[in-house]
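Coordinate inspection notes
One-letter residues, chain by chain:
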Amino acid sequence: MTEDTLIPPPLPEPPSTAPTPGALPWEEPSIGRVEGLFRTIGLFVTRPDDAFSRLAPAGLGRPFVYALIMAWVELAAGMAYWAAAQSPFMVMGFPELQDALAEAAVGTGVMVAIGVGLFVLMPLFLVIGLAIHTCILHLMLLIVGEGRGGIETTARVICYSHTADLANLVPLCGGLLSLVWFAALQIIGIARAHRCSYGKAALAVILPVLLCCSCLAITLSFFGAALYGALAGR
Amino acid sequence: MQPVLRWTPLSVAERQLAWIWGGLALSVVALKPLWPLIAPFLRPCLFRSITGVPCPSCGATRSVFALLDGDVSGALSLNPLVFAGTVAFLVGGVVAPLWAWRRGTAPRLPRPLPWSIRLGLVALILLNWIWLIVHL
């Protein structure tokens with residue numbers, strides 16, 4: 001018995017426009033830029049472990065643009081807080097501070113010009129900073145016997161770790177918060193993206209600091225011993 | 001005996017990196033007049049400010065500026081490791097894009113690196129630091 005030939009064969013399914021499960025929203029072409037940015041920030045803030053395991057296997061353009069946006073936000077926050085603290089408006093209403101007012105106005109003008117210059121040159125500064133940071137961190141990874149994902153993976157991790165720049169929006173303690181968060185994101189990112197242990201990732205990130213501290217301890221020990229010897233010899 | 005270097009095809013990201021490297025090296029040289037204007041805005045070394053002892057990267061900015069000005073011996077004495085890194089960066093900035101364009105492969109180091117190389121790198125950093133403590 002033959003099959004019913006009146007039924008047409010099923011049409012091929014149209015290409016799916018749904019987001020690829022597992023990709024970062026920022027790296028997903030089907031998600032809008034702004035929505036993708038905010039969803040990616042949310043992911044790095046709430047579930048960094050999950051976010052870093054979703055990194056695309058290749059490409060540096062989007063991670064760089066992401067880091068650039070974060071750096072611009074940091075710069076804008078820094079300038080805004082500086083302006084709030086130094087603005088001529090702060091000394092208005094105090095007749096005895098008229099001289100200071102003129103000085104502050106000039107200072108503000110100079111700072112705004114510097115801010116605009118930094119804003120324009122930020123891509124270049126960021127590329128240079130990222131290159132230096134990537135080389136140092138990858139060297140440390142090689143020293144601890146890791147880095148199997150290659151230097152471009154380290155670069156991507158550092159780019160997305162710049163999510164921590166957002167902490168600079170917090171007044172006063174934002175800088176310190178950003179520093180700690182940046183280190184934590186790098187450790188998580190290195191561990192996930194290079195598939196190594198958190199211990200080795202942490203060691204690679206804090207190795208330069210450890211190197212400084214241990215050598216400082218040795219130097220101070222020598223100084224201490226010399227001082228003790230000098231005092232004992234008196 | 002297993003060879004130290006393996007040659008494998010370049011990935012898309014590595015080709016991008018090679019071109020970024022070239023562009024960056026070109027920018028650093030082309031924007032040479034700009035760097036001394038920016039230098040005063042750089043923060044002083046926190047480690048040196050607190051301890052009085054130079055950190056392993058102290059003198060790096062001055063070394064790069066000296067090299068860009070053509071003062072090779074000055075750059076070398078300010079931070080030998082940074083001097084070597086800057087020369088490698090500038091030479092690599094010319095070689096890497098040409099290599100990525102003309103050749104499709106790149107050398108790979110064994111992973112993990114042999115202990116001898118890893119210890120050698122640490123020793124290099126420490127020796128450079130001792131040099132800085134003595135000379136800066």
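Cut-offs and rules
- Residues numbered from 1 in each chain as written.
- Chains lettered and ligands numbered in written order.
- Predicted model: local features only at pLDDT ≥ 70, side-chain atom pairs only at ≥ 80, totals over all residues.
- Contact = placed C-beta atoms within 7 Å.
- Helix = DSSP H or I, 4+ residues; strand = E, 2+ residues; numbered from the N terminus.
- Nonpolar A, V, L, I, M, F, W, Y, C, P; charged D, E, K, R; others polar.
- Axes fitted to C-alpha atoms, helices over the stretch in contact; angles between N-to-C directions.
- Left-handed = near helix turned anticlockwise from the far one by under 90°.
- pLDDT = per-residue confidence, 0-100.
- Parallel < 35°, antiparallel > 145°, perpendicular 65-115°, else oblique.

1. Structural notes on the interface of chain B and chain A
If you look at the interface, chain B gives 22 residues, while chain A gives 21 residues. Counting residues per element, the ones that place at least two in the side of chain B that touches chain A are helix 1 (12–30), helix 3 (46–51) and helix 7 (115–135) of chain B. With eight residues, the single largest contributor to the side of chain B that touches chain A is helix 1 of chain B. Of the residues belonging to the side of chain B that touches chain A, the class tally is 15 nonpolar, four polar and three charged.

2. Re the packing of helix 5 (residues 151–161) of chain A against helix 6 (residues 174–193) of chain A
Residues and elements named next belong to chain A. Here helix 5 crosses helix 6 at 145°, and the two axes come no closer than 9 Å. Crossing of helix 5 against helix 6: the hand is right-handed. Each of Thr153, Arg156, Val157, Ile158, Tyr160 and Ser161 in helix 5 lies in contact with helix 6, whose residues at this interface are Phe182, Leu185, Gln186, Gly189, Ile190 and Ala193. Considering only residue class, the contact of helix 5 with helix 6 consists of seven nonpolar, four polar and one charged.

3. Here we look at the confidence of the model for chain B
Averaged over all residues, the pLDDT of chain B is 87; the fraction at 70 or higher stands at 97%. Mean pLDDT in chain B bottoms out at helix 2 (residues 35–38) of chain B, which sits at 81, and peaks at helix 5 (residues 72–78) of chain B, which reaches 94.

4. Brief notes about the packing of helix 4 (residues 60–68) of chain B against helix 6 (residues 80–102) of chain B
Residue and element names in this part refer to chain B. Relative to each other, helix 4 and helix 6 sit at 50°, their axes nearing to 9 Å. Here helix 4 lies oblique to helix 6, going by the angle between them. In this structure, the crossing between helix 4 and helix 6 has a hand that is right-handed. Facing helix 4, whose interface residues are Ala60, Ser63, Val64 and Leu67, helix 6 presents Val82, Phe83 and Thr86.

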